[in-house]
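Understanding the architecture of this molecule
Each chain, written out:
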Amino acid sequence: MTSSNNTSVDPKERRRFWTVQIIYLAASSLILLVILYLPRNQNWLTTTVERFYTQHYTLGKQIDIATRRREGYEPAYAYIELIQQRCQPNDYFLIPPQQYLIRNAYQAGKSTGYAWTYPSVLYYYLGKSVHLLDMTAPDSLLQRATHTFWALDNKIYLLTFKDHNRPLVMGEFKKYDPHFFAYTPQQAKVYYQSKP
Amino acid sequence: MTLAITFVILAQFLIGFGFVTRLRAASNGFSLLGLSMLAGLGISSGLPFVLEFIHASIAIAPMMIGLGTLAGLSLLLLRGRLAYLREIFAWQRLSLRLCELPFLGFWAYLLFISAWKTAWYPNLPFDTIVGPDLVATFAVREHTLVSSVFTEHLPSVSIFSNQPFYAPFTAMQQIMYLLASHGTGPFAFGKIWLTILVIAFGLFLYAELRERTHPLLAGLLVTLLACSPELFAYTFLLQTDWANAAFFAAGVILLQRHLESEKQGMFIASTLFFALACWTRTETILFVPIASLLLLINTLRSSPKKAIVRAGALFITCLLPFVFWNYIFLRGYVALPANAHLGTYHLIVNDYFSKLLATYTSMNEQVVFDTDYWNYSVYVFLALALLNLILFRDKQGLPILVWIFGTYVLFGLLILHVDGANIAYTFRRGFFKILLLMYFYLGSTSLFQWLSNWLYRWEGQSTSFHKIY
């Protein structure tokens, strides 16, 4: 409706128009409230969506990339940072069998299921900052490994290969199936609770 | 928002705007705006391939030149369409009513936090960081689509699944937005295009529903749909499924418009969106025959030749992105790793029907009727659809029901026969398509038209719609 048309509208008609609009506004507000107060919708809005707004309130002002990555990637970020700090682009990082980590340090990774040890996840995070080695690589290539993760007392450490520890570590890793992968914490738990 | 990102969004919008306007595929201004952005996002995702094939670097300058050129070419399509634009952007078609404001406020509340989470957090879903974002990150870093992901990493590892080979739309959008953000600032992780896609589709769907029903009812339907936690979660978790559902639903809605109006432009636009859905998730090609079937049923009696040509043209057009990505690019241009097994399927010999029935039962239990995922939206759909069928017993909106039921049935067969397809992930996120169609269907039913007419009569307005196709 244009302003020139407005001037020619009968005041009664205009009043009726706005009365109808306000009744509709009240109706739509009421409908919206009814939908939002349905138990499941209310629960979703007051828990999940509210939690997102709390995140925004606490994190929103931090736009530093490293902070955002740390917050998002959570447990994986500590391990990724450790590898990036300690390894050079010409080093070879041997990805330990996931079964080995679950069996020996389940507590450390139970919330992630060690999904960060999936080769493509490590490649996504690390790129070419280190060469990645898979346990299925030929022995000649495995001999090049310079670093790996080693579990001790339910904690994970970055281990540098030396002549004296290489046979022990390789021997231990080869006890586990390199093709096994638990994609979810539930799958990791099933493996952890299975007989060794 | 950085200048480069603003340029990308604007260019993508213009690319779609020229195309959709030329086809007169939208019947009101809001619908045109939403549809243009969706089409622009889809069409522009072919650009990285063009750069790759002409041996240009995947870098910011060639990308911007490409987008600018496409946008300029698209604007040429606007010639002779000024009257159409004037008509669909007429104030009567665009003016909002007071009753829409509470709904708009609520959707803005949800969209704001979704947009913030999209922009602030890095990519988190496992499927994304080992799939589209892995491909995109290394394409940007190494300035080529044939990055070390395909040439070095995948051939050297024993464990990998099919995520790096997902249909390319998501990865291509990530490439464009990662290039535009330079890896810094609030949009460093690229994925803000997902928010733009969600808003564009939301605008299109609402505009379509608003044209079919009273704005109060359209607002009610979109609000019920918006209160689906799982659908909402994937507005900020980057995956292929939201974009796929948006393109697919846009294709279905435009096809329905074509079936109602017989307009050629609607058919071409619908075909484009189905092709884009196949460009976003490979298995969509299995659902496309439903479109061909509906075209055949609709026009076979009146014009058999036209029916067969259109049904065939739609299917072949959708086959092109599927064949290009899976056979020309992945198996031709890029050498697939020897241990990659894509799209393998298996036959079931024993107890076929009991296994199929068990699959549908699990789909229902784990996804369809899981209220943690959809709150009330599925139950409201079923109740209203049933009420409509009982009260009116007519064929109004029947093709949309065929889509809903057909997609559901085909998902069961897909899960039973295709390796890697499962209920927990494939169907849960694939269900977005069905959910969007459920609410478009409700807006098309006689029940909602009756309610709309009742409201329009009450307010003393004419119930006749002025449609321009």
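On a predicted model such as this, the values are computed, not experimentally measured, just so you know.

1. Some points on the overall build of chain B
Helices and strands together make up the secondary structure of chain B, namely 24 helices and zero strands. Taken over the C-alpha atoms alone, chain B extends approximately 70 × 60 × 50 Å along its principal axes. Put simply, chain B has 469 residues, and 62% of those count as buried. Residue pairs in contact within chain B that sit at least 24 positions apart in sequence constitute 80% of those at least 6 positions apart. Approximately 17,500 Å² of chain B is accessible, and the part contributed by carbon and sulfur atoms is 68%.

2. Things to note about the packing of aromatic side chains
Applying the stated criterion across every chain yields a total of 70 aromatic pairs over all chains. Between Tyr53(A) and Phe112(B) the ring centres are 6.1 Å apart and the planes differ by 25°, which places this aromatic pair in the stacked class. Taken together, the residues Tyr53(A) in helix α3 (residues 39–59) and Phe112(B) in helix α7 (residues 101–120) connect one chain to another. Ring plane angle 90° and centroid distance 5.7 Å describe the contact between Trp116(A) and Phe149(A), whose orientation is recorded as edge-to-face. With Trp116(A) in the loop between α6 (98–109) and α7 (119–126) and Phe149(A) in strand β3 (residues 147–152), this residue pair connects regions lying 33 residues apart in the sequence. As far as the burial class goes, Trp116(A) and Phe149(A) line up, both buried. Arg103(A) extends its terminal NZ or CZ atom over the ring of Tyr191(A), reaching a point 4.3 Å from the ring centre. If you follow Arg281(B) out to its NZ or CZ, it ends over the ring of Tyr166(B), 5.6 Å from the centre.

3. Observations concerning the interface of chain A and chain B
Facing 55 residues of chain A, the contacting portion of chain B comprises 66 residues. Between chain A and chain B, the buried area comes to about 5,300 Å², and carbon and sulfur atoms account for 69% of it. Its largest share of buried area at the contact with chain B, chain A owes to Tyr24(A), Arg68(A) and Tyr124(A), together 15% of the area lost on that side. There are three salt bridges connecting chain A and chain B.

4. Some remarks on the pattern of salt bridges
Counted by the stated rule, this structure contains 17 salt bridges over all chains. Where Lys128(A) meets Glu142(B), a salt bridge forms, and the shortest distance between an N and an O atom there is 3.9 Å. In this pair, Lys128(A) is assigned in the loop between α7 and β2 (131–133) and Glu142(B) in helix α9 (residues 132–142), connecting two distinct chains. Given the relative accessible area of 46%, Lys128(A) is considered partly exposed.

5. Considerations on the UniProt feature "domain: Glycosyltransferase RgtA/B/C/D-like" (unreviewed entry) in chain B
Under the local residue numbering, the UniProt record ascribes the feature "domain: Glycosyltransferase RgtA/B/C/D-like" (unreviewed entry) to residues 174–325 of chain B. In residues 174–325 of chain B, the share of helix is 76% and the share of strand is 0%. The end C-alpha atoms are 17 Å apart.

6. Some words on the UniProt feature "transmembrane region" (unreviewed entry) in chain A
Mapped onto this structure's residue numbering, the UniProt feature "transmembrane region" (unreviewed entry) falls at residues 20–38 of chain A. For residues 20–38 of chain A, helix accounts for 95% and strand for 0%, while the C-alpha atoms at its two ends are 27 Å apart.

7. Describing the state of the cysteines
Residues and elements named next belong to chain B. As enumerated under the stated definition, the model contains zero disulfides over all chains in all. Counting only cysteine sulfurs, Cys227 is the nearest neighbor of Cys99, a cysteine outside any disulfide, at a range of 18 Å. Given the relative accessible area of 0%, Cys99 is considered buried.

8. Concerning the pairing of β3(A)
Residues and elements named next belong to chain A. Where burial is concerned, most of β3 is hidden: five out of the six residues are buried. Pairing of strand β1 (residues 92–94) with β3, which is carried by two bridges, proceeds in the parallel orientation. Looking at the pairing, Leu94 lines up with Thr148 of β3. In the sheet, β3 pairs with strand β4 (residues 155–160) via six bridges, with the strands oriented antiparallel. When the bridges of β4 are listed, Thr148 appears paired with Leu159. Between the antiparallel neighbours β3 and β4 lie two residues, among them Asp153 with a positive phi of about 50°.

9. Thoughts on the sheet that holds β3(A)
Residue and element names in this part refer to chain A. Reading across the sheet, the four strands line up as β2-β1-β3-β4 and stay open at both edges, with mixed pairing between neighbours. One side of each edge strand has no neighbouring strand; the edge strands of this open sheet are β2 and β4. Taken over all neighbouring pairs, the strand axes of this sheet differ in orientation by 35° on average, direction set aside. Running over the sheet, α6 touches β3 and β4 and is turned about 60° from β3.

10. Structural notes on unusual backbone geometry
Residues and elements named next belong to chain B. A positive phi angle is found at Arg24, which is not glycine, with a value near 50°. One can find Arg24 in the loop between α1 (3–23) and α2 (29–44). Using a relative accessible area of 32% as the deciding quantity, one classes Arg24 as partly exposed. For Asp351, which is not glycine, the phi dihedral falls at a positive 50°. By secondary structure assignment, the location of Asp351 is in the loop between α18 (304–333) and α19 (352–368). Of the residues examined, Asp351 reaches a relative accessible area of 55% and is grouped as exposed.

11. As for the environment of Ser95(B)
Residues and elements named next belong to chain B. For Ser95, the position within the fold is in the loop between α6 (91–94) and α7. Residue Ser95 is classed as partly exposed on the basis of its relative accessible area of 22%. Sequence-distant contacts of Ser95, that is, excluding residues within four places in its chain, are made with Glu100 and Arg210.

12. Looking at the environment of Val169(A)
Residues and elements named next belong to chain A. Mapped onto the elements, Val169 comes out in helix α9 (residues 166–173). A sequence separation of 109 residues divides Val169 from Gly60, and the C-alpha atoms of the two residues are 44 Å apart. Filtering out sequence-adjacent residues up to four positions away, Val169 remains in contact with Thr148, Trp150, Leu159 and Phe161.

Rules and cut-offs
- Residues numbered from 1 in each chain as written.
- Chains lettered and ligands numbered in written order.
- Predicted model: local features only at pLDDT ≥ 70, side-chain atom pairs only at ≥ 80, totals over all residues.
- Heavy atoms only, no water.
- Helix = DSSP H or I, 4+ residues; strand = E, 2+ residues; numbered from the N terminus.
- Buried < 20%, exposed > 50% of the residue type's maximum accessible area, 1.4 Å probe, protein only.
- Contact = heavy atoms within 4.5 Å.
- Areas by Shrake-Rupley, 256 points an atom, 1.4 Å probe, with all protein chains shown as cover.
- Phe/Tyr/Trp six-rings, centres within 6.5 Å; stacked < 30°, edge-to-face > 60°.
- Lys NZ or Arg CZ within 6 Å of the ring centre and 35° of its normal.
- Buried area = accessible area lost by both parts, 1.4 Å probe.
- Salt bridge = Lys/Arg side-chain N within 4 Å of Asp/Glu carboxyl O.
- UniProt positions renumbered as here; feature names shortened; annotations may be inferred.
- Disulfide = S-S within 2.5 Å.
- Pairing = 2+ DSSP bridges.
- Axes fitted to C-alpha atoms, helices over the stretch in contact; angles between N-to-C directions.

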